[in-house]
Amino acid sequence: MRALSPSPLLGQVVVLGGSIAGLLTAHVLARHAERVTVLERDQYAAGPEPRSGVPQSRHTHVLLSSGIRALDELLPGLTRELRDAGAPHLSVPADLGVWQAGQWISRSHPSGPIMTPTRPLLERAVRERVLANPDIRVLTSTEATGLTGGPHQITGVTYRSRGGDHQARHSLSADLVVDATGRGSRTPEWLTALGAPAPDEELLETGRAYATCVFQTDELVPDGHIRGFYIVPEARQPLGTIILPAEGDRWMVTLSGPRGQAPPNDVTGFVDFTRDLPHDGPHKWLSTAQAVGRPVGFRHTTNRRRRYDRAARHRTGLLVVGDALCALNPVYGQGMSAAALNAVALHRELAGARATPATHRLQRAVLRSSRGAWQVATGADGAMPGANGNALRTGVGGRVVNWYLDRVSERVPGDPVVCRAFRDVFSLLAPPSSLLTSPRVLHRTLLRSPVQTPPDLPTP
Ligand SMILES: Cc1cc2nc3c(=O)[nH]c(=O)nc-3n(C[C@H](O)[C@H](O)[C@H](O)COP(=O)(O)OP(=O)(O)OC[C@H]3O[C@@H](n4cnc5c(N)ncnc54)[C@H](O)[C@@H]3O)c2cc1C
C-alpha cells in the first residue's frame, strides 16, 4: 500500500508484537510512515496454528459485531474470506441459547452478528493481508528488550534475536515506537529504566479462571435448533459457559468459574462441571460429544488499563495499543474487537492530518476507542462477589448505577427493546451510557416488570 499523505508524517515506525493489535496498527501506520518494522518474538507457522507467544490462541475467540465492522473497514473483504474458509457467522440471540438473569433470552428478539473462527485462523488471515504490503517488514524470532531515548522522547528499541546469539543486543531507531506486546507488556519497566514514570494502572480482578476444550460430535447443532450456548456469568450465577462452532467441524467449549471454582483440566471433570449450570442443556450436549485433546486452562483474567494518555503529553515517540494498553477479562469476548477499534481510531485521527500529530493525541484517541469495552468489563466484573481493585465502582453513585444495570439485565431475556440496547453495548456498537440515556430503555427498565420467557431451550 502506498503512503496516502503527500509526505509521510511519521518517519520510521517500529511496532513491537505482531499479533492482532500490532498487525492492524502496522497496517494503519504504513499509510503515513516511511517504513514500518514489526518485531515479533515468535516464529510464525505457515498454517493457522496456536503459537507460544499467544497462549490464549487455544481458547474460544468470538469476534463481536463491532469487530466484524472494524476489520472490514480496515481490511475490506476480510470477514468474507474468513467465512469462505469455514468460519461460522451467527446471529445473537437468534442462533444461540443465551442464558441471562435466570432465564433464556427470547430468540425472536432482534439479532446482531458474531463470528467464531478459531483464533489462529483469524490471526493468519489478518497477517497475510497486512504483511502483503511491501512497506511493512516483519522480523520474527526477534524479542524487544527495552526502549532507547530519555524520559521525554523515545527514540527506538533494543532487541535480541531468539534464533542466533542470545547475548547479542541490537538497536533500531524509530520516530515512533508502538507497544503491542499484549497483556505481558514490559513498557512500564522499560520507561522506569529511562528515568520516566511508569503509567498509572487501573485494575479490577475477580479471580475468574478459564478452561477450553475442543469437541467433535455427530450432532450437527446442539439440540437440533441452536448453534451453541452462552451461559452468562453473573453475581447470582457465577459459572460461565460458551459452546460455539468453529471451522473444521469443531466446537470450542470454554468454561469459567469464580475464585475457588476453576473448571477442571481433565475431560471428565470438565464435562461434570457443567452439571452445576442453571440449565442441563449444555451438559446434555457435551455428554454426546467427544473431546479432542485435553482442556487447557487460563487464569490471567484481570482487567488492567494503563493510563499512558496522562503521561504522553510530556513525551513523544511512544504509543501503546491493544492488550498492552487495556487488557480485559476475556469472558466478555472483546479484546480483538477493541484492538480493531484502536486501529480504526488511529486511522481516523491520521486521515487528513497535514502535520505529524502529537503522540498524546494519538494515545488519547486509542484509549477512547476502548473505553466502552473497559466500562462493560469492569462494570460487569465489579458486581461479582470478591471483585477488588482500584477500578471498582464504589460509593452511592456506583451502587445506583449497579442497581439500574441489574434491572436492565433482568429485562433483557423478555424485552426486545432492552435486549437490543444491551446487546449493542456488549457488542461495542453503542456506549454503556446509552442504557441510561435512551428514554425507551429507561421507561422499560424503571416502569415495567421483567417478562418471563419459557423455561425450555428457546425455539426460533
Ligand atoms: C483466554 C482468553 C480468551 C480470549 N477470548 C477472546 C474472545 O473471545 N474475543 C476477543 O475478541 N478477544 C479475546 N481475548 C483477547 C484477545 O486474545 C486479545 O485481546 C487480542 O489478541 C489482542 O491482543 P494483542 O494483539 O494486544 O496481544 P496478543 O494477541 O497477546 O499478542 C502479543 C504479541 O506480542 C508478541 N510479543 C510479546 N512480547 C514481545 C517482545 N518482547 N518482543 C516482540 N514480540 C513480543 C507475542 O509473541 C504476541 O505475538 C481472549 C484472551 C484470553 C487470554
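Here the structure is shown first, and the text comes after it.
Small disclaimer: the values here were computed from a predicted structure and weren't measured. (Residues numbered from 1 in each chain as written. Predicted model: local features only at pLDDT ≥ 70, side-chain atom pairs only at ≥ 80, totals over all residues. Heavy atoms only, no water.)

Participant: Whenever I open this one, the overall build of the chain confuses me. Can you help?
Facilitator: In terms of regular secondary structure, the chain is built from 15 helices and 20 strands. Here the C-alpha atoms of the chain give a radius of gyration of 22 Å, agreeing with the 23 Å that 2.2 N^0.38 yields for 460 residues. Along the first, second and third principal axes, the C-alpha atoms of the chain reach 60 × 50 × 40 Å. Total accessible area on the chain stands at roughly 19,000 Å², and carbon and sulfur atoms take up 50% of it. Computed over 51 positive and 40 negative side-chain charges, the separation of the two mean positions in the chain equals 6 Å. (Helix = DSSP H or I, 4+ residues; strand = E, 2+ residues; numbered from the N terminus. Rg over C-alpha atoms; globule rule 2.2 N^0.38 Å. Areas by Shrake-Rupley, 256 points an atom, 1.4 Å probe, with all protein chains shown as cover. Lys, Arg positive; Asp, Glu negative; His and termini not counted. Charge placed at Lys NZ, Arg CZ, Asp CG, Glu CD.)

Participant: Honestly, the environment of Ser369 in this entry has me stumped. Any pointers?
Facilitator: Tracing the backbone through its elements, the reader meets Ser369 in helix H10 (residues 359-369). When its relative accessible area of 18% is taken as the criterion, Ser369 is described as buried. When the C-alpha positions of Ser369 and Ala339 are compared, they lie 8.9 Å apart, and in sequence the two are 30 residues distant. Residues in contact with Ser369, not counting those within four places in the same chain, are Leu341, Asn342 and Ala345. Among the polar contacts listed, one links the side chain of Ser369 to the side chain of Asn342, at a separation of 2.9 Å. Within the structure, Ser369 has its side chain in polar contact with the backbone oxygen of Val366 (distance 2.6 Å). (Buried < 20%, exposed > 50% of the residue type's maximum accessible area, 1.4 Å probe, protein only. Contact = heavy atoms within 4.5 Å. Polar contact = N/O pair within 3.5 Å; in protein donor to acceptor, adjacent residues only side chain to side chain.)

Participant: How should I be thinking about the layout of surface pockets in this particular structure?
Facilitator: Considering only enclosed or pocket space, the second largest pocket measures out at about 820 Å³ in volume. In terms of lining, the second largest pocket is formed by 37 residues, of which the most central are Val376, Gly379, Ala380, Arg393 and Leu405. Taken together, the elements giving at least two residues each to the lining of the second largest pocket come down to strand S4 (97-100), helix H11 (371-382), helix H12 (395-411), helix H13 (416-426) and helix H14 (434-437). Residue classes in the lining of the second largest pocket are distributed as 24 nonpolar, eight polar and five charged. (1 Å grid on protein atoms, 1.4 Å probe; cavity = no way out; pocket = protein on both sides within 12 Å on 5 of 7 lines; lining within 4 Å. Points joined across faces, edges and corners; volume = space filled by probe spheres on them. Nonpolar A, V, L, I, M, F, W, Y, C, P; charged D, E, K, R; others polar.)

Participant: Sorry, what's going on with helix H2 (residues 65-74) here?
Facilitator: Helical periodicity: at 3.6 residues per turn, an α-helix aligns residues three or four positions apart in one direction. Counting buried residues in H2 gives seven out of ten residues, a clear majority hidden from the surface. Within the sequence span of H2, burial applies to Ser65, Ser66, Gly67, Ile68, Ala70, Leu71 and Leu74. Packed against the buried residues of H2 are helix H1 (20-29), helix H3 (78-84), strand S6 (112-115), helix H4 (119-131) and helix H9 (335-350).

Participant: Which parts of the structure should I look at to understand the sheet that holds strand S12 (residues 201-204)?
Facilitator: Across a sheet, paired strands are connected by hydrogen bonds in the backbone, their directions being either parallel or antiparallel. The strand order across the open sheet built from three strands is S12-S18-S20, with neighbouring strands paired in antiparallel fashion. The outermost strands of the open sheet, each flanked by one partner alone, are S12 and strand S20 (326-327). Relative to S20, strand S18 (residues 303-306) runs antiparallel, the two sharing two bridges. Bridge pairing in S20 links Arg305 to Cys326. Strand contacts of H11: S12, S18 and S20, with the helix running at about 140° to S18, the strand carrying the most contacts. (Pairing = 2+ DSSP bridges. Axes fitted to C-alpha atoms, helices over the stretch in contact; angles between N-to-C directions.)

Participant: Can you walk me through the site of the ligand in this structure?
Facilitator: Ser19, Glu40, Arg119, Asp323 and Met336 are the nearest of the 32 residues found near the ligand. In this structure, an oxygen atom belonging to the ligand sits 2.4 Å away from a side-chain N or O atom of Arg119. Look at the ligand: alone it shows 1,000 Å² of surface, and the protein chains cover 96% of it. When residues of the shell around the ligand are traced back to their parent elements, those giving at least two are H1, strand S8 (142-149) and H9. The residue makeup of the shell around the ligand, split by class, is eleven nonpolar, 15 polar and six charged. (Near = heavy atom within 4 Å.)

Participant: Is there a simple way to think about the side chain of Arg444 in this case?
Facilitator: Relative to the helices and strands, Arg444 resides in helix H15 (residues 439-447). In this structure Arg444 comes out as buried when scored by relative accessible area, which is 15%. Filtering out sequence-adjacent residues up to four positions away, Arg444 remains in contact with Arg411, Asp415, Val417 and Val418.

Participant: Which parts of the structure should I look at to understand the pairing of S12?
Facilitator: Side chains of S12 alternate between two faces, with Glu202 and Leu204 buried and Glu201 and Leu203 left unburied. Two elements, S12 and S18, share four bridges in a ladder whose sense is antiparallel. Paired with Leu203 across the bridge in S18 is Arg304.

So, to be careful, I would describe these as geometric facts and stop short of saying anything about function.
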